[in-house]
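This is what each chain is made of:
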Amino acid sequence: MTTALRQDAQRNRELILAAAREEFREHGLDVSLEEIARRAGVGIATLYRRFPTRDALIEAVFEDHVASFLALAEEALLIEDPWVGFSTFIEQLCERQASDFGLKDLLCTRLPDAKVMEDVRNRGRKLISKLIDRAQAAGVLRADVTPEDVEFVLWSNKSIVEATRHVAPNAWRRNVALLLDAFRAENAHPLPERALTPSELQRSMTRRAR
């Protein structure tokens, strides 16, 4: 490949990523790839040459964002108060969902063809488990909370953000505050159902179309 062709290919890749980033942020991960190509000013065939699957495009757009979630969890573990560390991390994740419709979907989505993303997700679950264990050991988080319950918060927040974005864009904050109160050990009551297992959670999550 000549230098000119390589530069052209790189330019097209950058145009596609920029367009996809905006389309995902505004409309979520289900936006059509044709619309992304149109916004980028390239043909759909060019998009598929650069990114053969939707998962590949999503991974390229959000890889840095997802890695930053690990940093948020690590920072939360450094907060001295275990409850503040746990609740701050949850609030930050939900805030990210509310500010970017692509991230809103991504945090509730499996990407089995995006190995880097799934690896980061697995590492994130281990950090969330540490936040949970630390808060439970301190007696401030109810003893039956699991990482799968944290996923439920993200699923709930996703629905609230979608429903209220045009009428009350900060309503999600009230919902998250109510949910976090339910996580507190103080005045906790037995739950009527067991927690999902990790495999049940995986089967429940949306799988992106290729």
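As the structure is a computational prediction, the values presented were derived from the model and not from experiment.

Draft legend 1. Seen up close, the environment of Met-117. By the secondary structure assignment, Met-117 is in helix α7 (residues 115-137). Relative accessible area serves as the criterion here: at 4%, Met-117 is assigned to the buried category. Ignoring sequence-local partners within four residues, the contact set of Met-117 consists of Ile-58, Glu-59, Phe-62, Glu-63, Val-66, Leu-106 and Leu-111.

Draft legend 2. Broad picture of the side chain of Thr-46. For Thr-46, the location among the structural elements is in helix α3 (residues 44-50). Of note is the side chain of Thr-46, whose polar atom sits 3.0 Å from the side chain of Arg-49. Those residues in contact with Thr-46 that sit more than four places away from it in its chain are Asn-12 and Ile-16.

Draft legend 3. Highlighting the environment of Gly-124. Locating Gly-124 in the fold gives a position in helix α7. Looking at Gly-124, the relative accessible area reads 15%, which means it is buried. Sequence spacing of Gly-124 and Phe-51 is 73 residues, and the spatial spacing of their C-alpha atoms is 26 Å.

Reading the values: the criteria
- Per-chain numbering applies: the sequence of each chain, read as written, is numbered from 1 onward.
- Side-chain atom pairs in this predicted model are given and counted only at pLDDT of 80 or more, local residue features only at pLDDT of at least 70, and totals for whole chains, interfaces and linings cover all residues.
- Working from all heavy atoms in the structure, the side-chain values ignore hydrogens and water.
- Elements are defined by DSSP. Helices are runs of H or I of four residues or more, strands are runs of E of two residues or more, and each kind is numbered from the N terminus.
- Think of it in three bands: with a 1.4 Å probe and only protein chains considered, a residue is buried below 20% of the maximum accessible area for its type, exposed above 50%, and partly exposed in between.
- Here, two residues are considered to be in contact whenever any of their heavy atoms come within 4.5 Å of each other.
- Under the rule applied, a polar contact is a pair of N or O atoms within 3.5 Å (in protein, one hydrogen donor and one hydrogen acceptor; residues adjacent in sequence only if both atoms are side-chain atoms).

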